[in-house]
Amino acid sequence: MKIPQNLPRFSDYTREEALRLLLEKEYGCPPPQPDTLEFHVVRREEDAFAGKAVHATVEAWVTFQGRGFSFPFHLVCPKAGQPVPGVVLLNFTPAVPAPYLPSEELCDLGLAVASFHCGDVSPDNGDFTSKAGGLFQVDRSLPTAPGKLALWAWGASVVREYLAACPEIDQKAVAVAGHSRLGKTALLAGALDKRFQFVFANESGCSGAALYRGKQGETAADIQRVFPYWFSPSFASCTGDPEQLPFDQHFLLSLIAPRKLYVSSAAEDLWSDPAAEFLGCLAASPAFEAAGVPGLVGAGEEPQLGQACHQGNIGYHLRAGKHFLSREDWRQFAAYLFLHREK
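Being a predicted model, the structure only gives us computed values, none of them experimental.

1. Observations concerning helix H10 (residues 274-290)
Right, so step 1: With 17 residues, H10 should reach 24 Å at 1.5 Å per residue; the first-to-last C-alpha distance of 25 Å fits that figure.
Right, so step 2: In terms of residue burial, H10 counts as a mostly covered element, since twelve of its 17 residues are buried.
Right, so step 3: Those residues of H10 lying buried are Pro274, Ala276, Glu277, Phe278, Leu279, Gly280, Cys281, Ala283, Ala284, Ser285, Ala287 and Phe288.
Right, so step 4: Taken together, the buried residues of H10 touch helix H9 (250-254), strand S8 (260-266) and strand S10 (314-319).
Right, so step 5: Capping of H10 at its N-terminal end is provided by Asp273; its side-chain oxygen lies 3.1 Å from the backbone amide nitrogen of Ala275.
Right, so step 6: Count one or two residues on from H10 and you reach Gly292, which has phi positive near 90°.

Right under this line is the structure:
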C-alpha cells in the first residue's frame, strides 16, 4: 500500500493558500462572524446519569444583519471536581444519549460532551433558506457558497464558544468529533477553528480523511451527484477525474497540524475505504513533521486490524465491523486524548 505518486504536495502551498483552495473548490467559504451570540441555559439536571453528571440544555441565539436564529445543544459533564476534557459532537439526532452518544460511558471515561443535531443548524438537504442558511442568506448561485458541511462546522464553532466560558472544561483539551458525513464536518471544523486542540473523525471516508486518488467505494463523483448540497457549487467541476485535482484530502488533514488528529476506520466499511483513510494520514504526516511534531507513528505501510497508533500527533485505529461510531471507537479516542492531554 503506497501513497499515490501524483499526489499534490501540501508543502507547495502556505497554510492560507491550501485552506483557500479547499474552501473555494470543495466546501465553500464559511459564514461570516455573527453580529451577536448569546447562550441561554433552558434546563439543568444536576444528578443525571445515576448522579454522576450534570446535564444542561442550552440554546445558542445568533443575530446577523437584523436577522435572528437559534439552535439547541446539550452538555453532559461528569462531576469530576476538576476541569475535564470537552468534546463537541456533531450528531444525527438531538437525543441524549443516542446510538453514537453513549453519555454515561463517556462520563465514566472522564469526557464532557456538548452535542448538537446537525439538522438544527441546517437541514440535511438542499434547503438553504431556513435556519443558518437563512440567517446568512446563502446564495448558491455563487461558486464558493458554503455547503452544508461548512454550515455544520460553523455550528460546532458556536458550541466551542460556549465551552470557552465553562470552568468545568479543560480549555487545553477540547475536541471536535463526528461520524461519517459529520466526521467530514469535524475535520473541516478543526481546520477552520484552531481552538479545537483535538479532531476526531470516525469513518469520514470520501471528502473526509480518505484520499480521492486511488479510492475504492464512494468516489468524488458519487458523493457530489447524491449530496451536492454538502459542498460548494464549484465542487461539481472537480469530480470528473480525481487524478487532475489540484489538491487531495491530505490537505484537509494537514491543516490541523500541529494539533492532534485522530482518524478511525472499520474493516468492513468499504464504501468509506479504510485503506484510503489510512493513506490520507500517511500523506498528511510530512506537514505535521514540518511543524515540529510527529505525524502517524508506528503504523507500518498498511493498517493492521486491531492495531491502535497513539504515539504521534496523528492517531489511527482500524477495528472490526461495519460503518458505526462504536464504544470501541470512543474508548480508543479517549485513550489517545488522555495520552496527549497537556497538564
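Here the narrative resumes, following the displayed structure.
2. Concerning the sheet that holds strand S3 (residues 67-78)
Right, so step 1: An order of S1-S2-S3-S5-S4-S6-S7-S8-S10-S9 is seen for the ten strands of this open sheet, with the pairing classed as mixed. Each end of this open sheet is capped by a strand with a single partner; those strands are strand S1 (36-47) and strand S9 (308-309).
Right, so step 2: Sheet topology note: the strand S4 (residues 84-91)/strand S6 (residues 169-179) ladder contains five bridges and is parallel. Note on S6: the bridge partner recorded for Val84 is Ile169.
Right, so step 3: Here helix H7 (residues 181-192) sits on the sheet in contact with S4, S6, strand S7 (198-202) and S8, set at roughly 140° to S6.

3. Digging into the pattern of salt bridges
Right, so step 1: Taken as a whole, this structure holds 16 salt bridges when the rule is applied.
Right, so step 2: Salt-bridge contacts for Lys52 lead to Asp108; the nearest nitrogen and oxygen are separated by 3.0 Å. Remark: Asp108 occurs in helix H3 (residues 103-108) and Lys52 occurs in the loop between helix H2 (48-51) and strand S2 (53-64); sequence separation between them is 56 residues.
Right, so step 3: Between Arg213 and Asp248 there is a salt bridge whose closest N-O contact spans 3.0 Å. On the criterion of sequence distance, the pair formed by Arg213 in the loop between S7 and helix H8 (220-226) and Asp248 in the loop between H8 and H9 is long-range, its members being 35 residues apart.
Right, so step 4: Overlapping salt bridges, with partners in common, bring together Lys52, Glu104 and Asp108 in one network.

4. Examining the environment of Gly208
Right, so step 1: Mapped onto the secondary structure, Gly208 falls in the loop between S7 and H8.
Right, so step 2: Expressed as a C-alpha distance, the spacing of Gly208 and Pro34, which sit 174 residues apart in the sequence, is 27 Å.
Right, so step 3: Those residues in contact with Gly208, other than ones at most four positions away along the chain, are Lys184, Leu187, Gln249 and Leu252.

5. Digging into the environment of Glu277
Right, so step 1: With respect to the secondary-structure elements, Glu277 resides in helix H10.
Right, so step 2: In the structure, Glu277 is positioned 39 residues away from Tyr316 in sequence and 9.4 Å away in space, judged by C-alpha atoms.
Right, so step 3: Other than its neighbours up to four places away in sequence, Glu277 contacts Glu203, Ser204, Gly205, Ala209, Ala210, Val263, Ser264, Ser265 and Ser272.
Right, so step 4: In terms of polar contacts, Glu277 uses its side chain to reach the backbone amide nitrogen of Ser204, at 3.2 Å.

The rules behind the values
Residues numbered from 1 in each chain as written. Predicted model: local features only at pLDDT ≥ 70, side-chain atom pairs only at ≥ 80, totals over all residues. Heavy atoms only, no water. Helix = DSSP H or I, 4+ residues; strand = E, 2+ residues; numbered from the N terminus. Expected span 1.5 Å × (residues − 1). Buried < 20%, exposed > 50% of the residue type's maximum accessible area, 1.4 Å probe, protein only. Contact = heavy atoms within 4.5 Å. Polar contact = N/O pair within 3.5 Å; in protein donor to acceptor, adjacent residues only side chain to side chain. Pairing = 2+ DSSP bridges. Axes fitted to C-alpha atoms, helices over the stretch in contact; angles between N-to-C directions. Salt bridge = Lys/Arg side-chain N within 4 Å of Asp/Glu carboxyl O.

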